[in-house]
Amino acid sequence: MTDVPVSNIRNFSIIAHIDHGKSTLADRLLQTTGTVSNREMKEQFLDNMELERERGITIKLQAARMNYRGEDGQDYVLNLIDTPGHVDFSYEVSRSLAACEGALLVVDASQGVEAQTLANVYLALEHNLEIIPVLNKIDLPGAEPDRVKGEIEEIIGLDCSGAILASAKEGIGIHEILESIVHLVPPPQDTVQEPLRALIFDSYYDPYRGVIVYFRVMDGTLKKGDRVRLMASHKEYQIDELGILSPNQIQIEALHAGEVGYLAAAIKSVEDARVGDTITLAAAPAKAPLPGYTEAKPMVFCGLFPTDADDFEDLREALEKLRLNDAALQYEPETSSAMGFGFRCGFLGLLHMEIVQERLEREYDLDLITTAPSVIYKVRLLDGDEIYIDNPSNLPDPQKREAIEEPYVQVDMITPEEFVGPLMELSQSRRGVFKDMKYLTQGRTTLTYELPLAEVVTDFFDQMKSRSRGYASMEYHLIGYRENPLVKLDILINGDPVDPLATIVHRDKAYYVGKALVEKLKELIPRHQFKIPLQASIGSRVVASEHIPALRKDVLAKCYGGDISRKKKLLQKQAKGKKRLKAIGTVDVPQEAFMAVLKLQ
Amino acid sequence: MVDQTVNPKFDEADGCDRTASLYPSISQWMIPSAVAAQEKVAIAATAPPEQYPVAAYLHIPFCRRRCFYCDFPISVVGDRARGETSGSIAQYVAALRREVWMTPSLGRSLQTVFFGGGTPSLLSVEQVDALLTTLDQQFGIAADAEISMEMDPGTFDQSHIRGYVAAGVNRISLGVQAFQADSLQACGRTHTPADIPVAVDLIRQAGLENFSLDLISGLPHLTLDRWQDSLERAIALAPAHLSIYDLTVEPGTTFAQRYEPGEAPLPADDATAEMYRLAQQVLTHSGFQHYEISNYARPGFQCGHNRVYWENRPYYGFGMGAASYVNHQRFSRPRTRREYFTWLETLEAAGGSLDCPPTLPKERLLDTLMLGLRLADGLNLDILTAEFGEAAIAPLLPRLQTHIERGWVEAAPPRIRLTDPEGFLFSNVVLSDLFETLS
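Predicted model only: the values in this text are computed from it and were never measured.

A. Structural context of the overall build of chain A. A count of helical and extended segments in chain A gives 14 helices and 33 strands. Here chain A holds 601 residues, and 58% of them are scored as buried. Look at the contacts in chain A between residues 6 or more apart in sequence, and 70% of them connect residues 24 or more apart. Total accessible area computed for chain A in this model is approximately 25,500 Å², and 49% of it derives from carbon and sulfur atoms.

B. Molecular detail of the interface of chain B and chain A. Facing the 43 residues of chain B at the interface are 25 residues of chain A. Here chain B packs against chain A, burying approximately 3,200 Å² in sum over the two surfaces, 53% of which is carbon and sulfur. Considering only the side of chain B, the residues that lose the most area to chain A are M370, N428 and E436 of chain B, jointly responsible for 18% of the buried surface there. Joining chain B to chain A, the criterion identifies 9 salt bridges. The residue D433 of chain B makes a salt bridge to K578 of chain A at a minimum N-O spacing of 2.6 Å. Our count for the chain B to chain A interface comes out at 16 residue pairs in polar contact (both at pLDDT 80 or more). In terms of residue class, the side of chain B that touches chain A is built from 18 nonpolar, 11 polar and 14 charged.

C. Region of the structure containing the state of the cysteines. This model, assessed by the stated rule, comprises 0 disulfides over all chains. C302 of chain A takes part in no disulfide bond, and the closest cysteine sulfur, belonging to C345 of chain A, lies 5.9 Å away. Cysteine C67 of chain B is unpaired, with the sulfur of C70 of chain B as its nearest cysteine sulfur at 6.2 Å. Note on C67 of chain B: relative accessible area 13%, which makes it buried.

D. Region of the structure containing the sheet that holds strand β10 (residues 227–230) of chain A. Residue and element names in this part refer to chain A. On the basis of which strands lie adjacent, the open sheet formed by 8 strands has the order β11-β10-β16-β7-β8-β15-β12-β13 and antiparallel pairing. Each end of this open sheet is capped by a strand with a single partner; those strands are β11 (235–238) and β13 (249–251). Averaged over neighbouring strand pairs, the angle between their axes works out to 40 degrees when direction is ignored. Pairing of strand β12 (residues 241–245) with β13 involves 3 bridges; the strand directions are antiparallel. Following the sheet pairing, I244 is matched in β13 by I250. Running at roughly 130 degrees to strand β7 (residues 197–206), helix α3 (residues 90–98) makes contact with β7 and β8 (210–219) of the sheet.

E. The side chain of T119 of chain B, seen in detail. Residue and element names in this part refer to chain B. Within the secondary structure, T119 sits in the loop between β4 (110–117) and α4 (125–138). For T119, a relative accessible area of 3% corresponds to the buried category. In contact with T119, other than residues within four places in its own chain, are I60, F62, C63, D152 and T155.

F. The arrangement of unusual backbone geometry in detail. At the junction of A264 of chain B and P265 of chain B, the peptide bond is cis and its omega measures out at 5 degrees in the coordinates. Summarising the element assignment, P265 of chain B is placed in the loop between α9 (254–258) and α10 (269–285). Notably, D365 of chain A is not glycine yet its phi reads approximately 55 degrees, a positive angle. Of the residues examined, D365 of chain A reaches a relative accessible area of 68% and is grouped as exposed. One non-glycine residue, R431 of chain A, adopts positive backbone phi at about 65 degrees.

G. Up close: the pairing of β8 of chain A. All names here are of chain A. Counting buried positions over the 10 residues of β8 gives 10, a clear majority of the element. The pairing of β7 with β8 spans 9 bridges and is classified as antiparallel. Across the sheet, A198 pairs through a bridge with V217, a residue of β8. In this antiparallel pair of consecutive strands, β7 and β8, the connection spans 3 residues. Summarising the sheet, β8 and strand β15 (residues 260–264) pair through 5 bridges and their orientation is antiparallel. Residue Y214 lies in a different strand from β15, and its bridge partner there is Y262.

H. Molecular detail of the pattern of salt bridges. Under the definition given, this model contains 61 salt bridges over all chains. As a salt-bridge pair, D246 of chain B and K553 of chain A come within 2.4 Å of each other at their nearest N and O atoms. Taken together, the residues D246 of chain B in strand β8 (residues 241–246) and K553 of chain A in the loop between β31 (541–548) and α13 (565–579) connect one chain to another. If you follow the salt bridges from partner to partner, you end up with K378, R380, E402, E405 and E483 of chain A in one network.

I. Region of the structure containing helix α16 (residues 396–405) of chain B. Residue and element names in this part refer to chain B. Among the residues making up α16, those that are buried are L396, L400 and H403. Seen from one end, α16 has its buried residues packed into an arc of 40 degrees, which puts them on one side. Set apart from the buried face of α16 by more than 90 degrees, the exposed residues are P398 and E405. Looking at the buried residues of α16, the elements they touch are α13 (361–372), α15 (390–393), β15 (409–412), β16 (415–418) and α18 (427–438). G407 lies just past α16 and shows a positive phi near 85 degrees.

J. Highlighting the packing of aromatic side chains. Enumeration according to the criterion identifies 22 aromatic pairs over all chains in this entry. Where F312 of chain A meets F343 of chain A, the ring centres are 5.0 Å apart and the plane angle is 5 degrees; that geometry is what we call stacked. Of this pair, F312 of chain A sits in helix α7 (residues 312–324) while F343 of chain A sits in strand β19 (residues 340–347), placing them 31 residues apart in sequence. Accessibility assignment for this pair places F312 of chain A and F343 of chain A in one class, buried. By the ring-pair criterion, three or more aromatic residues cluster together here, those being F62, Y92, F331, Y340, F341 and W343 of chain B. Against the face of F288 of chain B rests R298 of chain B, its NZ or CZ located 4.2 Å from the ring centre. Taking the ring centre of W408 of chain B as reference, the NZ or CZ of R406 of chain B above it sits at 4.5 Å.

K. A look at the pairing of strand β7 (residues 211–217) of chain B. All names here are of chain B. Buried residues dominate β7, accounting for 7 of its 7 residues. On β7, burial covers both faces: F211, L213, L215 and S217 on one face and S212, D214 and I216 on the other are all buried. The sheet contact formed by strand β6 (residues 171–177) and β7 spans 5 bridges and is parallel. Within β7, the residue paired with L174 across the bridge is L213. Pairing analysis gives 6 bridges linking β7 to β8, with the strands arranged parallel. Among the inter-strand pairings, L215 is bridged to a residue of β8, identified as I244.

L. Examining the nonpolar core more closely. Residues and elements named next belong to chain B. Of all hydrophobic cores here, the largest spans 75 residues; its most connected members are F115, L132 and L135. Sorting elements by how many residues they give to this core places helix α3 (residues 87–102) first, with 7 residues. Excluding its chain neighbours within four sequence positions, the residues that come into contact with L135 are A56, L58, V100, L110, V113, G140, I141 and F318.

M. Looking closely at a negative patch on the surface. Residues and elements named next belong to chain A. A contiguous patch of negative charge on the surface is contributed by D308, D310, D365 and D367. Positionally, D367 belongs in the loop between α8 (350–363) and β20 (368–370). Look at D367 and you get partly exposed, because its relative accessible area is 33%.

Cut-off values and rules
- Residues numbered from 1 in each chain as written.
- Chains lettered and ligands numbered in written order.
- Predicted model: local features only at pLDDT ≥ 70, side-chain atom pairs only at ≥ 80, totals over all residues.
- Heavy atoms only, no water.
- Helix = DSSP H or I, 4+ residues; strand = E, 2+ residues; numbered from the N terminus.
- Buried < 20%, exposed > 50% of the residue type's maximum accessible area, 1.4 Å probe, protein only.
- Contact = heavy atoms within 4.5 Å.
- Areas by Shrake-Rupley, 256 points an atom, 1.4 Å probe, with all protein chains shown as cover.
- Buried area = accessible area lost by both parts, 1.4 Å probe.
- Salt bridge = Lys/Arg side-chain N within 4 Å of Asp/Glu carboxyl O.
- Polar contact = N/O pair within 3.5 Å; in protein donor to acceptor, adjacent residues only side chain to side chain.
- Nonpolar A, V, L, I, M, F, W, Y, C, P; charged D, E, K, R; others polar.
- Disulfide = S-S within 2.5 Å.
- Pairing = 2+ DSSP bridges.
- Axes fitted to C-alpha atoms, helices over the stretch in contact; angles between N-to-C directions.
- Arc of directions from axis to C-beta.
- Phe/Tyr/Trp six-rings, centres within 6.5 Å; stacked < 30°, edge-to-face > 60°.
- Lys NZ or Arg CZ within 6 Å of the ring centre and 35° of its normal.
- Core = buried A, V, L, I, M, F, W, Y, C linked by side-chain atoms within 4.5 Å.
- Patch = residues over 30% accessible without salt bridge, like charges linked within 9 Å, V, L, I, M, F, W, Y side chains within 5 Å.
- Lys, Arg positive; Asp, Glu negative; His and termini not counted.
- Charge placed at Lys NZ, Arg CZ, Asp CG, Glu CD.

Right under this line is the structure:
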C-alpha cells in the first residue's frame, strides 16, 4: 500500500432504502475499480441478497477501500463506509456518516423516496455531507426519473439537475458516480500533524483475535504497535494488527488522517470499543474526544425464558456471548412465578429484538418463551420518588402511584395519498396525535404522528404495511415522556394470574384489549381435559372472560390402506407443538400465547 | 384355492399401445424373472426373512360417486360402469397386474390379501380372479390365506358375490356407514338403508359368515339415540367383525366445505366421544372384542391383514395411491391414474426396484408406537428394547406416568397399552407425548 495524500482520499457512504439497490451498487463499484474480481463478486453478491431477503435488512459490508485513477490522471483512494439500514440502528448510522465527507443518495427511479431514506438523508445533512443523488434502476420499464427527481427536490430540497441516472445491475452510470465522488465529495481535512483521534464506526467480536474495530482516522497517525486509549471506555490496548479493508482485511503498518481501517488489540468485548468511541494515543492523548458518542439506550424490553428450566445456564452463556458482539443488548436475571428463571432483556428496537431471539434459537439451539415487548414506564410515586419500570408485572399498586408516564415517539410515514385514510385510522386507533400532513408530490404524502412507543412496538409496522398494501414506509424517533391514564391489565388462566401476559394499557382501551386477549388465548391454548376459564382483570375487577372447553377426544379414526404418513405428520406436528408448551399451573400454554398481545386485530 | 384355469394374459385389457412394449414377455411372467431373482438376493442381504411381506393390498379406486367425507385416491365412474363393461377399469386392472409382476417375490407366500378402495365390488369376477391368480403366481397365496374385499351395498348381485368367493375371496368388509336415510344422503352415499340387509343376505347366501360392517359415528344429524339404534341394527345382522370410525372432516372434502367439526349438523365433540363409549359398551356386551381403536371382532375373526399394519410388519401395496412397506422402504404410489401409469413405466424401466430411502430406526420406532398402541394388546417394551435399544425405550415409561395416573395407560411391564375406552379416546395426547420424548 502506497501512502496516499489526504487530498486524494474520498470517504463516502451510500444511503438507500431496502431493495433500492445499495448492495448491487456497492458490488459494482468494487468490481469497476478492480477491488474485487468478478469471480469473488458473484459469490458475495449472491450471499448478500439471500440474507437480505430473509431478514429484510441490509447486511453490512462495513467498509471497503478502492483505488481509482480519475479522468484527471490522478490516483484516488475511495473509502466506502456502509451503514445499517434500519431505524433501530440510527445511532450506528450517524457514526458511520460522521466518518464520511459525502454520501450517495440512491433512490429507485420507479419507487421514489421512502421514509427511512429521508431519515438518513437528514442525518447526513446534519453532518454536512456532500450528497450526490443517484437514480437507480433506470433501465426498468417503470422508471420515472423526472418524477423522482422532482420528489427529491421537493422533499429534501436537494438540487437534482446533476443527478446521475444509473443502473447498478446493468453497469449504467457507474463511471459517472466514481467521477462525481472524486469531484464533489470534499477531501478530508489534512490534520496528520495533530494528536490522534480515530472514530469507531463499527466493531465485531472475533473469537481468535478479540474485537475487530473499524475506524476512520480523523486526526493524526496510528501505527502498528502503538498503545492506544479509548476515550469513552477509558481502556488502553496495544495494537496487534492494523490494516485496511479492501474489503478483505489487509495488514498495513500505519494509517493517517482521512484513512479508514481496522485494528485488533486483544479487546475482549465490543462493549469496550463501542461505536462512536474515540481512539487516541496513550502516550500523547488528544485533548477532547470526537463529539457524538452516546451510550446504547434500549427502548424495547421483553422477558426471555428457557422452555426447559435446565437451560437457564445455557441461556445466560449465550447472552454473554452475544453481548461480546452487541453492546446494545442488555439483560438481567428475572424470576417469574409463572415462567421460572429467565432474563429481562433490553433492545434498541423490535428488529434488534427479533434478531437476538433468532440467533439464540438458531445459533445456540435454545427453546425460548418470549414475552410480549414492553417499553420503559416512568412511575411517579406518592412519596415523591420516580421509578422506571420495564416489566408490567413490577408496576407498584395503584394506591402507591401518583401517575404513570410513557415514552412517545414521532412517527413519520410516507405513503401514496390513497392510503392516507387507512394510516390515519391506524394511528388514531393507536392513540396517535396528529401533527402534520404534507403532499410531497403527485401520489406521495408525508404523515406525521406522535404515538406512544408502546403502541408502535406491537404490530404497528406490520399494520402500516398491510393497510398501505406495502407502499408506505415509516421512521420513528423518541420525543420524550407523557403522562397518561394507564392501568395494569392482568390475565388469569384457570384462576392464576400469569405475569408475562400482564400489560400496561390505556384505561379507555383496557376492556377492548382484555376482550381481544382472552379471545386470542382461547384460540392459542390447546384444549385440556378440563374446562379452562380465561379472564382479563384490572385489579380485582374482571373486564373480560372466556373459557376453553374441555377436550373430549383426540384420536385418529383410521390409518387407511396402510398409508400412515399423513397421520404420522399430524402427530409429529402435535409433538412439536408440545415442545413449545410452558406449564402454567396445570395448563400447558404455547409460546405464541405470550406474544398474543401482538396479534390482536 | 385360486382358479388356475383363467389365463393370466394381459391382452384382454390392453387398450394402450404406447405401453404395450413395456409389458413383460411371457417367459418373464410365467417363471420368476431374472430381474426378480437378482432383487431377491439384494433384498435378502439387508432384511431377515421374517421381514419379508406376507400381506398384499390392492387398491381398486373406482367409485360410482365420491362420498362427501372421502379424500381417498379414487376415480369416479358413474352409476352404470362396472368392471365387465368399463374400458378404464379393465385398463387399470391390467396395470395392477403389471405392477404385481414387476414386484420381486421374496419367496414367502401371502397370508393375507386385501382388495380396498374405492369400491372393489365394481370389479368383474374375472378381474378379481385374474388379480388373485397373478398374485398367486408371483408370490404364492397360502391355502389358508385371508382374502378380504371391500364391498358397497347395492353395487353387486348374487352372481358377483358367488364369483368372488369362487375366486378365493373369503372375507367381506361391507361399507354400511349408517342405517338412516338422511345420514346416508348427507354423506352422498349411493345406497339406501334397505340395501343393507339385502347385501348381507347375498353375502350369507354365498356361504360367507366372515364379514365385517363399517359404520361411521359423528355423521351429520346423528344423535346418541340414533347411534344406539344403528349399533343394535348392526348387531342384529350378526357380523363377525365391525369397524367403527369416528368421522374425520378431511381438508378438501365436501364435508370440509359444508361443516365445521363439532358444530351442527355434525354432533358436538362430547356427543361423538359418548358415541365412542356407547359403541364400546354395547359391542363388548354383545360378545365383540374391542381389539383396535376402531375395530371389533368376534373371537377368531380379527382382520389379519390390518393387524399387519398395526404390528408394523411389511406388506406389498399395489395400485394408485397404495402404500407399501417392503424391506423397510415405505412407499406411497401416485394418487391419480395418469401419474400412476407413468410411474409404473418407470418402475418397469427400473426392473421393479423402488427409488425410496429406507425408514430409519428412529422413524420405525415412531411408526411402531403409533400403530401398536392402536391395538388392545398394546406393546411389549422388552421387544422394543431389543429392536431399538435401551436409550430410546427407557424414557418412554416415565413419560407415560401422568397418563397411567389419569387412567389412560395401563402398564404391566414389559407390556403397555391404552385403556378402553378412555385411553383410546385420547390416544393422540399420549402418542404425541411419546413422539416429543423421542424427538
